[in-house]
Amino acid sequence: MIRSRKVGLMNRLVQLGILAYVVGWVFVWEKGYQEVDSIVSSVTIKVKGVTMTNTSTLGPRVWDVADYVIPPQEENTVFIMTNMIMTLNQTQGSCPELPDKTTVCKAEEDCHAGYVGTHSNGVQTGNCVKYNGSIKTCEIYAWCPVEDDTNIPRPAFLKDAENFTILVKNNIWYPKFDFAKRNILPSINSTYLKRCIYDPQTDPFCPIFRIQKIMEAAGQNFQEMAMEGGVMGLQIKWNCDLDKAASLCVPKYSFRRLDNKDSRYTVSPGYNFRFAKYYRDTSGLEARTLIKAYGIRFDVMVFGKAGKFDIIPTMINIGSGLALLGVATVLCDIIVLYFMKRRHFYREKKYKYVEDYELLLCTGGEQSLND
Amino acid sequence: MIRSRKVGLMNRLVQLGILAYVVGWVFVWEKGYQEVDSIVSSVTIKVKGVTMTNTSTLGPRVWDVADYVIPPQEENTVFIMTNMIMTLNQTQGSCPELPDKTTVCKAEEDCHAGYVGTHSNGVQTGNCVKYNGSIKTCEIYAWCPVEDDTNIPRPAFLKDAENFTILVKNNIWYPKFDFAKRNILPSINSTYLKRCIYDPQTDPFCPIFRIQKIMEAAGQNFQEMAMEGGVMGLQIKWNCDLDKAASLCVPKYSFRRLDNKDSRYTVSPGYNFRFAKYYRDTSGLEARTLIKAYGIRFDVMVFGKAGKFDIIPTMINIGSGLALLGVATVLCDIIVLYFMKRRHFYREKKYKYVEDYELLLCTGGEQSLND
Amino acid sequence: MIRSRKVGLMNRLVQLGILAYVVGWVFVWEKGYQEVDSIVSSVTIKVKGVTMTNTSTLGPRVWDVADYVIPPQEENTVFIMTNMIMTLNQTQGSCPELPDKTTVCKAEEDCHAGYVGTHSNGVQTGNCVKYNGSIKTCEIYAWCPVEDDTNIPRPAFLKDAENFTILVKNNIWYPKFDFAKRNILPSINSTYLKRCIYDPQTDPFCPIFRIQKIMEAAGQNFQEMAMEGGVMGLQIKWNCDLDKAASLCVPKYSFRRLDNKDSRYTVSPGYNFRFAKYYRDTSGLEARTLIKAYGIRFDVMVFGKAGKFDIIPTMINIGSGLALLGVATVLCDIIVLYFMKRRHFYREKKYKYVEDYELLLCTGGEQSLND
């Protein structure tokens, strides 16, 4: 009888384990009784900050939001120019191409009228002209003079951009539960909002971010990133348990660099693009200022799941949990019949009342134990 | 025997209830037999409308799409400028800052050369100059004259924008089922499309929206919103049952305001941003027209789920439903053994054939009843 | 005994079938033991290419990235202008409207001062003026002269755009598993990246796409699409099994046309929008060049799911699989008791030991067989 109790205890323990898993893990930890919904989000972004530069080409110059945010508004993202190569007064015409392996020439035979390469700035005219004192390159028809982007300004042109601030307004919505919320929490008043700066410890719900702090939190160096540009992820996580109070559903901010810092594995490292400002000079001729803008793009990425009690997942989990309880019996049986010392005695007992072999087969291994 | 029938009936009733839940709720109502997929969507937006203004600064002026949609195209969103503060002929130079708590000064000591505050328009030069007859403020190096945005034009500058129309073309795709559809349904012809305006009752599938109607549907006042701007959600819901005909999978439009109307809880209420148009004057000097654009941003938010019969969720739901049927037996047992008057008789019967206590324990409470 | 074996065999076969389904289909094929997560993605796009046009209005002119990508940067999309209708030197003033059904007039009575139609270019002044030799139309106050977009240039203005290349950098992230990856795989070096072009067979992981190849893969004709514009989907699928090596999680590219080619079912087929470049002429008057830009918008659509072993779905699937095994017994029973010739013998046997009708009822049809 002592051994008998052992088996019984074991069976109960296995059942208890399964019960603990179903209740503890599935229901308490993973909230298996909840229906989930994914997020629908809308983001608006506003940058603030002014900085000044003083170069020989441009003279003293102030840069404000209208100058360095390009385009002026986007949906979930904002681009802040931190460095630039400006090519003033470009007009349509002919000029020598930048020298490189394929464009350096000695005579007209080296150039092919109409040829355009992948990295060309214009269409070759077929002439070979002087680029500077020692080098001749193929002439191209292009916006002239051609942009020379071999040397990026060091340090970054708008190196003070690290003090700029970004205000992110985020509105989320869980359609299945018709639950909407904003990242500017109702508990925050406008006086606080006017002077706060996000800080994970002291101001975790302030929606205003200082660029330098974002960089730091992502483990990046602003001055380094400002030169060649880059893409930063400003992640907002909204994991909400809607069985609890709505006020407990709050955003969680985190920051991550999204582009590949390691330039070995990438073409055109960093982030840059070209745009132009078009002018008409007095004679009516079109001219432009070409700007190769390096800068940091902040992608606001909103994600998360909301859960709320629902009968379907609850029932599915209870049902499959009950089915698992049956495993305990099978396990116990196997042990009793095959691994215990007194197994012959049990087997005898077990099959004593089996009178119809057919029905035994029919009910299967699991149920047969109940006979 | 009467009581016995009662117990049997009860057991059958509980089983019936569970069966009804599995069949009715899980399968019919929640479509538990379907695999679901989330949407992949692409949106293009086109605005139409012309309006005219007549102010003392600008004279009579017509505004068309190229003037009031900024930037000219975006992915899932469109911004329509409804109000603006224009600062003409800004050039780089020195001028007095706008007066506020931190910028009003009495002497040069109050100003600090190089200082830039969060709300500054430029970099302080360290001088204290006259702003107007009575007030002196710190001089700044900035785009001068500085923009004065204390008074927003009332009523909104482009108050007739409520008659503009927005054409939304939406293409959705459910990758798992390779099912694609457009919001311009095949049943709609181009004659209808040229003159229709969306109306929830009469034209629920017309993809052309009059702004004023969107506002109304969202319970907003256009004229009020036009002054300070705002963000509107144009929601397209595609809930498709792909076990039925594809023609039953149609878009459902709804509208919602996404920004916080209540200005107590927010900084910079409404929606606005600054951009500039750059010019060269005859002497080659760069000048710009700075525009603080207030307006309504329409975010097109596409969401939904498609479901299609799949063996996996069907089997999971059947399996866990069957497991739940077992609960009926347990429940019935508990009642019979513990709550019924004749329970002693039943217990006796029940345990009569139990010869091996060990095996009884092993099979557990549920199965033991079958002995 | 022969029949008995038949029944037993059948029961085992049904059980085997269910087991095969659970193991084979649910676990091996559909990976039912995995927790899934949806993707968070960030995309940057860079276009390269130069082309030249020569028209009577504009003369020889080179077009580079700053000219044909509008706006210069967007989040998940890029627009490449392929065709255009340019209206030079528009100024605010009065001029005749384009002739159409509603604007052709004979006398002033046909025109209504202040009237603006849906397709108007400006606000009617009430006058009826000469449009050309034979036609008179209502005069409007608008940006004059009015754009005439009845004839789209054929072939497309920038027909050589098919040789442009698009570099797509995509960074994905599965938040639940904190797994991040880029579409520029670590196995790819920068030498390869500088010269490669995506090809499904030879270069499936090169992130640089030639436009003409994208078109071909989507079954579209570039020259046809270039005239009226269109929207192309560049789909990146990231289906990752995170139980395997991270290097096996690779992007899969595919291409699809997103707008409706069939112009019968749509208004304004293709894809176009209007934007303007603003100038100041010498007298300080504002003028603009209005451009109706037709072109191809490439929407980069990133989707996919990552799966990783997790105890919850595993247990749910095992549990419901076990419950399904019970079905085998029920099925077998039904056959034995109702459809077999010797059923009376079995029934007798089966109910021999049933002493308490109540308990029999209580345990239900399924369990009663085990008595």
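What counts as what
- Residues numbered from 1 in each chain as written.
- Chains lettered and ligands numbered in written order.
- Predicted model: local features only at pLDDT ≥ 70, side-chain atom pairs only at ≥ 80, totals over all residues.
- Heavy atoms only, no water.
- Pairing = 2+ DSSP bridges.
- Helix = DSSP H or I, 4+ residues; strand = E, 2+ residues; numbered from the N terminus.
- Disulfide = S-S within 2.5 Å.
- Buried < 20%, exposed > 50% of the residue type's maximum accessible area, 1.4 Å probe, protein only.
- UniProt positions renumbered as here; feature names shortened; annotations may be inferred.
- Salt bridge = Lys/Arg side-chain N within 4 Å of Asp/Glu carboxyl O.
- Phe/Tyr/Trp six-rings, centres within 6.5 Å; stacked < 30°, edge-to-face > 60°.
- Lys NZ or Arg CZ within 6 Å of the ring centre and 35° of its normal.
- Lys, Arg positive; Asp, Glu negative; His and termini not counted.
- Polar contact = N/O pair within 3.5 Å; in protein donor to acceptor, adjacent residues only side chain to side chain.
- Contact = heavy atoms within 4.5 Å.

Residue and element names in this part refer to chain B. With respect to topology, three strands assemble into an open sheet ordered 1-16-12, the strand pairing being mixed. Each end of this open sheet is capped by a strand with a single partner; those strands are strand 1 (34–38) and strand 12 (240–241). The sheet contact formed by strand 12 and strand 16 (residues 305–309) spans two bridges and is parallel. When the sheet's bridge partners are listed, Cys-240 is paired in strand 16 with Ala-306.

With that settled, consider the state of the cysteines. All names here are of chain A. Taken as a whole and assessed by the stated rule, the structure comprises 15 disulfides over all chains. Covalent S-S linkage joins Cys-105 and Cys-128, the inter-sulfur distance amounting to 1.9 Å. Across the S-S bond of Cys-105 and Cys-128 the torsion is about 100 degrees, and the bridge reads as right-handed. With Cys-105 in the loop between strand 5 (77–96) and strand 6 (123–130) and Cys-128 in strand 6, this residue pair connects regions lying 23 residues apart in the sequence. With its sulfur 1.9 Å from that of its partner, Cys-111 forms a disulfide with Cys-138. Classification of the bridge connecting Cys-111 and Cys-138 rests on its S-S torsion, roughly -90 degrees, and on that basis the disulfide is left-handed. Here the residue Cys-111 occupies a position in the loop between strand 5 and strand 6, and Cys-138 occupies one in strand 7 (residues 136–144), the gap between them amounting to 27 residues. The same class applies to Cys-111 and to Cys-138, which are both buried.

A separate point is the pairing of strand 5 of chain A. The side chains of a regular strand alternate between the sheet's two faces. Residue and element names in this part refer to chain A. Two elements, strand 5 and strand 15 (residues 286–303), share 11 bridges in a ladder whose sense is antiparallel. Note that in strand 15 the partner of Phe-79 across the bridge is Arg-297. Note: strand 5 against strand 7, six bridges, orientation antiparallel. Each residue of the ladder has a partner; that of Cys-95, found in strand 7, is Ile-140.

A few words now on the UniProt feature "transmembrane region" (unreviewed entry) in chain A. Per the UniProt record, the feature "transmembrane region" (unreviewed entry) sits at residues 12–29 and 318–340 of chain A. For residues 12–29 of chain A, the end-to-end C-alpha separation is 23 Å, with 100% helix and 0% strand making up the annotated structure.

Residue and element names in this part refer to chain B. Evaluation of the coordinates by the stated rule reveals 36 salt bridges over all chains. A salt bridge links Lys-213 to Asp-199; the shortest N-O distance between them is 2.8 Å. With a gap of 14 residues between them, Lys-213 in helix 4 (residues 211–217) and Asp-199 in the loop between helix 3 (190–195) and strand 10 (208–210) connect regions that are remote in the sequence. For Lys-213, a relative accessible area of 29% translates into the label partly exposed.

On inspection of all chains with the given rule, the structure shows 42 aromatic pairs over all chains. Ring geometry for Trp-63 of chain A and Phe-157 of chain A: centres 5.7 Å apart, planes at 85 degrees, overall edge-to-face. Highlighted residues: Trp-63 of chain A in strand 4 (residues 59–63) and Phe-157 of chain A in the loop between strand 7 and strand 8 (165–174), separated in sequence by 94 residues. Assessed through its relative accessible area of 1%, Trp-63 of chain A is described here as buried. Accessibility expressed as a relative area gives 16% for Phe-157 of chain A, which makes it buried. Relative to Phe-255 of chain B, the ring of Phe-209 of chain B has its centre 5.8 Å away and its plane inclined at 75 degrees; by these criteria the two rings are edge-to-face. Taken as a pair, Phe-209 of chain B in strand 10 and Phe-255 of chain B in strand 13 (residues 252–257) lie far apart in primary sequence, 46 residues in all. Given the relative accessible area of 13%, Phe-255 of chain B is considered buried. By the ring-pair criterion, three or more aromatic residues cluster together here, those being Phe-79, Tyr-271, Phe-273 and Phe-275 of chain A. Against the face of Tyr-279 of chain C rests Arg-280 of chain A, its NZ or CZ located 4.4 Å from the ring centre.

What follows deals with the side chain of Lys-46 of chain C. Its location among the elements puts Lys-46 of chain C in strand 2 (residues 40–48). The buried charged residue Lys-46 of chain C lacks any salt bridge partner; its closest oppositely charged side chain belongs to Asp-149 of chain A, at an N-O distance of 7.1 Å. For Lys-46 of chain C, the side chain forms a polar contact with the side chain of Asn-272 of chain A, separated by 2.4 Å. Excluding anything up to four places from it in sequence, Lys-46 of chain C contacts Ser-268 and Asn-272 of chain A together with Thr-165, Ile-166 and Leu-167 of chain C.

Residue and element names in this part refer to chain A. Mapped onto the secondary structure, Ile-70 falls in the loop between helix 2 (65–68) and strand 5. On the accessibility criterion, Ile-70 (9% relative accessible area) is buried. Separated by 227 residues in the primary sequence, Ile-70 and Arg-297 place their C-alpha atoms 10.0 Å from one another.

With that settled, the discussion passes to the environment of Ile-214 of chain A. Residues and elements named next belong to chain A. As for its placement among the helices and strands, Ile-214 is situated in helix 4 (residues 211–217). With 31 residues separating them along the chain, Ile-214 and Asn-183 place their C-alpha atoms 17 Å apart. Apart from residues lying up to four places away in sequence, Ile-214 is in contact with Ile-166, Phe-209, Met-232, Leu-234, Phe-255 and Phe-298.

With that out of the way, let us pick up the UniProt feature "glycosylation site" (unreviewed entry) in chain A. The UniProt feature table records "glycosylation site" (unreviewed entry) at Asn-163 of chain A. Assignment of secondary structure puts Asn-163 of chain A in the loop between strand 7 and strand 8.

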